[in-house]
Structures are given as C-alpha cells and as structure tokens.
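A closer look at the structure
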Amino acid sequence: MSNNTTLPSKSATDICLTDRQMSLSVNSTEGVLIGTIIPILVLFGISGNILNLTVLLAPNLRTRSNQLLACLAVADIVSLIVILPHSMAHYEMFETALWFRKFYGKYKFQIIGMTNWSIATATWWVSEVGICDMSGTVNHHQVSAFFTPRNVVTIIVVTTFILTSYNHVSHACAEKLFCNGTQYHVACIEINSERWFRNEPNPNSELMKSLVRYAPQVNAIFVVLIPVVLVIIFNVMLILTLRQRQKLFEPSKTIRGDSQYGSQAKTEHKVTITVTAIVTCFTITQSPSAFLIFLSFYIHADFVILSAICTILVVLGKALNFVLFCLSSASFRQRLLMQTKQGILRKSTRTVSMVTSSTVVVDSLPDSRKRSRVAMEMAERRTSASSCLVGGNRADRTHRANSSQSMIGERMPLKEFRRGTSFV
C-alpha cells in the first residue's frame, strides 16, 4: 500500500492552484481518449459480459471451456469496473470534487494494482482456454484430473496476485491542502527513487528498492510476454485446425465413422470457431500494450498518447467478447434469445397474475364481510335466546355448537382465499 504523508507548509493554505495544476490529465488528448471513449466501452462491455454469463452458466452448458470463458467474463467485468475511476478523473466535475480527489489520490496505485491483476488473470485464462481447446482437439480425456477448472482458476488468481502485488507498494505519496482547504493535491514518488521529498535521502530499505525495481520486469515476462506468446501460438494452431476440419465438412467429403462421431466433430468445430475468434481478438488488442511495456524499459519517455491508445484497445477487446459470441456461435444466439423470451414471458405472467389476484381480492371483500356479519348476528340472536333459559337442555347446547361451527364455516372461505393469493 502506498505511503501517504502530509507535507506542512506555512503558506500552503493561502495558495490557490490553477486549473492546469489541478488537472488530473497530462494533456487534452489523453482527456478525450480516456474520458470520452472508455466510459462507453466500459458500459457496453459490462452489459455484454453479464449476458455472456447468463448463457455460459446455464446448467446444461457447463463444460470445461464454458467455465473458463465464464471466468474470463468475470475477470473482464472486474477490469472494466476498476478502470472506470481513471476515466472519471478526466471529467471536471470529478477532478474538482474534494471527495473524489482524496479517494483517487490515496488509492490510485491500489486501483492500478487491481486493474493489472484482473487483466493478468484474464490473459492467462485466455491462454488456458486455448490450451483446453487444443487438448480437446487431440483427446479431451487426456487432460490431467488435477487441472480442473476450479484448480486452474485458483492457481491463476493466486499467482497473478503475487506477480502484480508490487503495484500496491511501488510509490509513496505526499498530500497537501491548498486554497484554505478547498483544494487537495497529491504528489507521488517511486520507492526506488534517488531523490525524496524535500531533497531528503530515501528512507526505504535496499530490499524494498530492489523489489520495486525488478518486480515490473518479472511481471512483464510472466504476465505479459509469456501468455501473449502462448496466445499467438495457440491462435495459429487453432486457425490451422479450423482449416483442416473445414475440409471434413465439404459436401464432396464425408466424415468417417458413425453419426455420433460426426455430430461430436461438428460440435467441436463450432466451439473451436468461437475460441479462435476470442483468441484472435485478444491477440490484436493486447499485443500493442505488451510491446509498449517492454519499450518503456529501454526508452525512458512518457508515452502518454500511445499508452492511452493501448488502454482503449485493451478495453475494446474486453467489450467485444459479447459481439464475438453472437457472431461466431449460432447456439449462443439461440440460447440467449430463448432466455430473453422466457424472462419477458415470466415477467408478463407475474404482472398479469398480480393484477388479477388484487382485483379478485378487492371484489370479494364486500361479500365476505356481509357473510361474516350475517353469521355474527345470527349467532348473537341464538346466544341471547338460549341465555333466557336457565340451565338449558342438551339440545340447546348442541344447537349453539352447530351455530358456532356454521359461523366458522362462513368465515373460512375468506381466510382460505387470502391464503390462496400467495401463489403469485
């Protein structure tokens, strides 16, 4: 977690910063790219991935590939949510708000760490989806029993968290209040920086400096380079597999074997098409970001515009998964359409039932009340008549018991009807 300290100054409360000094954007181009385009992609991506989950998590579709794709959708949703504060910082209504500046200033690098963590898990899950599909093309039963979806998800989540956890301790920040406490400003320095606040010596240990210095390189190798290379290799293999399978489904050729093998081959072919589309989109949208990360290790410069473009490509890749599912899988479109129709029908049926039951209850209340009043009056008359007889005989007591039962019988229909309205 980044260290936040307050630097006191005698005249700090009297100084008012300019709009440019208070701006959280490096330049106007970055503000337009991050502040305008990304929110649209984030909203579209979250909605699309939620729809993906409704189909992928259906009871009859929980295959190994679908479970991994569902994990990928969850990771994309988390990435899109945590990247939203970076986009909000480019709006004037947020960058001038004191509460937002304090939140964003104190937890900016924690948000960056969560963003990198979710993107890293999504990257490795795409690689695992490619591995799973390639293993399925050879022999699905050869996959080790240890590498179940649950174990794979646990290993990926824990490993990527360890590799990206350096983001939470990579910077130390100092905060100040200006303009009579109405302006909040934060300045941050890397832990391994030679210069410190007020030109003081760096108080951090050599171990912490080495961790912050080498952790990004290790992260770039195991979280960026290796999975991207694997994804590219699997993408090429999947495309070659598709071309080979496509020859089997030509009209002039028939699939050898029984009909069950032919049906299974067609199903695997459709799954491979969807996986290939997702892996290809991931390769196109993630590769520029990986190239920029390694470029920054050798060229010490601020790639502000390039970084913004790469960020947009990453978010675009996460937002396009729903479109790829719809375009590449006919069964996904049918399943989504069927669930949508069932949801609309269920909602309309529930609304009609509620309106009908409430109407019936309102119409039936006067009659039931009349019946209960008549029963009560008859019971009172019978009770008063029998009370005039001192020590009435057994027949009178039996008559009073029957009258009380008849009164209960008159009240029961209303009670049963009110209980019956709970079927809605």
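Residues numbered from 1 in each chain as written. Predicted model: local features only at pLDDT ≥ 70, side-chain atom pairs only at ≥ 80, totals over all residues. Heavy atoms only, no water.

In the nomenclature of an unreviewed UniProt entry, the protein is known as G-protein coupled receptors family 1 profile domain-containing protein of Caenorhabditis remanei.

Regarding empty space enclosed by the protein
It is the rolling of a water-molecule-sized probe over the atoms that shows where space remains empty. Tallied over the full model, the rule gives one cavity of 30 Å³ or more. Of the pockets and cavities examined, the largest cavity occupies roughly 90 Å³. Lining the largest cavity are Leu72, Asp76, Ala122, Val126, Ile278, Cys281, Phe282, Thr285, Gln286, Gly317, Lys318 and Asn321. Taken together, the elements giving at least two residues each to the lining of the largest cavity come down to α3 (64–88), α5 (98–139), α8 (259–298) and α9 (304–319). Residue contributions to the lining of the largest cavity peak at five residues, all from α8. (1 Å grid on protein atoms, 1.4 Å probe; cavity = no way out; pocket = protein on both sides within 12 Å on 5 of 7 lines; lining within 4 Å. Points joined across faces, edges and corners; volume = space filled by probe spheres on them. Helix = DSSP H or I, 4+ residues; strand = E, 2+ residues; numbered from the N terminus.)

So, the packing of aromatic side chains
What the rule picks out here adds up to seven aromatic pairs. Where phenylalanine 100 meets tyrosine 104, the ring centres are 5.7 Å apart and the plane angle is 5 degrees; that geometry is what we call stacked. Of the two residues, phenylalanine 100 and tyrosine 104 both sit in helix α5, four residues apart, roughly one turn of that helix. You'll find phenylalanine 100 and tyrosine 104 in the same group, each marked buried. Clustering of aromatic rings is evident, with ring pairs tying together Phe94, Trp99, Phe100 and Tyr104. (Phe/Tyr/Trp six-rings, centres within 6.5 Å; stacked < 30°, edge-to-face > 60°. Buried < 20%, exposed > 50% of the residue type's maximum accessible area, 1.4 Å probe, protein only.)

Let's talk about the state of the cysteines
On inspection of all chains with the given rule, the structure shows two disulfides. What pairs with cysteine 173 in a disulfide is cysteine 188, and their sulfur atoms sit 2.1 Å apart. Around the S-S axis, the bridge from cysteine 173 to cysteine 188 shows a dihedral of about 100 degrees and counts as right-handed. Placement of cysteine 173 in strand β2 (residues 171–178) and of cysteine 188 in strand β3 (residues 183–190) is noted, with a sequence separation of 15 residues between them. For cysteine 188, a relative accessible area of 32% translates into the label partly exposed. Cysteine pairing for the protein (bonded cysteines numbered in sequence order): 1-3, 2-4. (Disulfide = S-S within 2.5 Å.)

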